[in-house]
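# Remarks on the overall topology
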Amino acid sequence: MSKRILENKEVMNIVLAGVVGDHAKDQYVQQGREWLDGKRTNILYIPVKPSSDMPPVIVEVQNTVDNSFIRRLQQYCSHVYNQQGDIDPVVLTLCVETVRTELANDFENSEVASFLKVLPSKYWAKNHFILAPITIQAELNDPNKQLHPLVALQYVFQKQACSLQSLEFQHDPTVKFLYSLAKDALDHQVSQHQETVDVLVDVCTETKNQFKRILDALDEDSEGGYKRARAYASAGVLYSETCSQKYKIQSSEDTSMPEPPELPEGVKASTGREPIQVLRAIEPEQVKSDMQFIDEFVEDWLKTHNRISWAECFSEGKKQGYLQNYRNKDSLKSTYYELKKKKQSFIRTT
């Protein structure tokens, strides 16, 4: 739910105004957040025109901020640095529960506000801002006070209350706005869950009815009954297989498979007649990762060339729908060799 809130344009501007400046409002877009090694950030805001005063912004919502989290964050920043033309990102961490003492001891005051602290990030991020229960506590002493939008954002995430009415700052305009976004997200999730349950019930009902038809045909204890039972069983296997394949590739953007049809009551197969396959079984499409695509491209390319053309690799990958998170061939090449080096080092130590 936090991701859906942070994807909102107004919330994006709240974050950008706080950690970059008012000049950053409406100058950013959200971008995909997964890289070759499978690492994935919570939220990544990318400027339309990157520059030193318009850096990329990473937003992470984290229950506990500890050394392990900081190491992951450094990797995220390295990816973004390579992707965005060697521009160090700005990071905002929203800590829901606890910051480990050894890290909290390193807090520094920011120039933005007293509640927005900074953790050292030299060499891997332009700034690492952090909001946590301990950093905004002083801002929550007066329930009648209007909260700074960033404080309100942190407050909503750390409270995780099911109802706006249970909050002390329920009348704060930013808190009310954020809860309206949360409600929309929750309604969407509930609707999807209900639709999933309905489909599951329908599939179970059809399967149950088909088993009953098989039992009824076997009860006849005749050659014709056995043939009908076999036909019903074959149709049931096909129906189950089709449902399974459909739901495995449900997230695919391009699928022509229709909804599984109902098996009509009372339909009897003629003696000696093979069952008609209404739906054919569909094998799920095997989708390659970016790394698999590059490995295959490099292997094929080197069969006829002496050196890898990263420009060709980048161009071909884009055409086939891969490498969407990389700006140019140089960032792709750098990340690829970095991952190869780590993989070889791991193999030597195992």
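Quick note: structure is the one above.
Here goes a summary of the coordinates provided. Bear in mind the structure is a predicted one, so any value in this text is a computation, not a measurement.

Time to look at the pattern of salt bridges. Under the criterion given, the structure shown has four salt bridges. Among the salt bridges present, the one from Lys303 reaches Asp300, with a minimum N-O distance of 3.6 Å. Accessibility expressed as a relative area gives 62% for Lys303, which makes it exposed. The class for Asp300 is partly exposed, based on a relative accessible area of 46%.

Another point: helix H3 (residues 67-83). Here H3 contains 17 residues, and its C-alpha end-to-end distance of 25 Å stays within 8% of the 24 Å for a straight helix at 1.5 Å per residue. Gly85, located one to two residues past H3, shows a positive phi value of around 70°.

Within the largest apolar cluster, 45 residues are counted, with the highest numbers of intra-cluster contacts made by Leu6, Tyr45, Val57 and Val175. Of all the secondary structure elements, the ones that give two or more residues to this core are helix H1 (2-6), helix H2 (9-19), strand E2 (43-47), strand E3 (57-65), strand E4 (90-99), strand E7 (127-131), helix H6 (149-159) and helix H7 (173-219). When near neighbours in sequence (up to four residues on either side) are disregarded, Val175 contacts Leu147, Ala152, Tyr155, Val156, Leu164, Leu167 and Phe169. Of all hydrophobic cores here, the second largest spans 19 residues; its members include Leu73, Tyr76, Cys77 and Ala125.

For E7, a buried count of four out of five residues is recorded, marking the element as mostly surrounded by other parts of the structure. With five bridges joining them, E4 and E7 adopt parallel strand pairing. Its bridge partner being in E7, Leu92 is matched across the sheet by Phe129.

Along the chain, the position of Val112 falls in the loop between strand E5 (108-109) and strand E6 (117-118). The partly exposed category is assigned to Val112, whose relative accessible area is 42%. For the pair Val112 and Ala17, spaced 95 residues apart in sequence, the C-alpha to C-alpha distance is 9.9 Å. Beyond its immediate stretch of four places on either side in the chain, Val112 contacts Gly18 and Phe129.

So, on to the packing of H2 against H6. At a minimum axis distance of 9 Å, the contact between H2 and H6 shows a crossing angle of 120°. Judged by the angle between their axes, H2 and H6 are oblique. Crossing angle aside, the handedness with which H2 passes H6 is left-handed. Facing Val11, Ile14, Val15 and Gly18 of H2, the residues of H6 in contact are Pro149, Leu150 and Leu153.

About the criteria used
Residues numbered from 1 in each chain as written. Predicted model: local features only at pLDDT ≥ 70, side-chain atom pairs only at ≥ 80, totals over all residues. Heavy atoms only, no water. Salt bridge = Lys/Arg side-chain N within 4 Å of Asp/Glu carboxyl O. Buried < 20%, exposed > 50% of the residue type's maximum accessible area, 1.4 Å probe, protein only. Helix = DSSP H or I, 4+ residues; strand = E, 2+ residues; numbered from the N terminus. Expected span 1.5 Å × (residues − 1). Core = buried A, V, L, I, M, F, W, Y, C linked by side-chain atoms within 4.5 Å. Contact = heavy atoms within 4.5 Å. Pairing = 2+ DSSP bridges. Axes fitted to C-alpha atoms, helices over the stretch in contact; angles between N-to-C directions. Parallel < 35°, antiparallel > 145°, perpendicular 65-115°, else oblique. Left-handed = near helix turned anticlockwise from the far one by under 90°.

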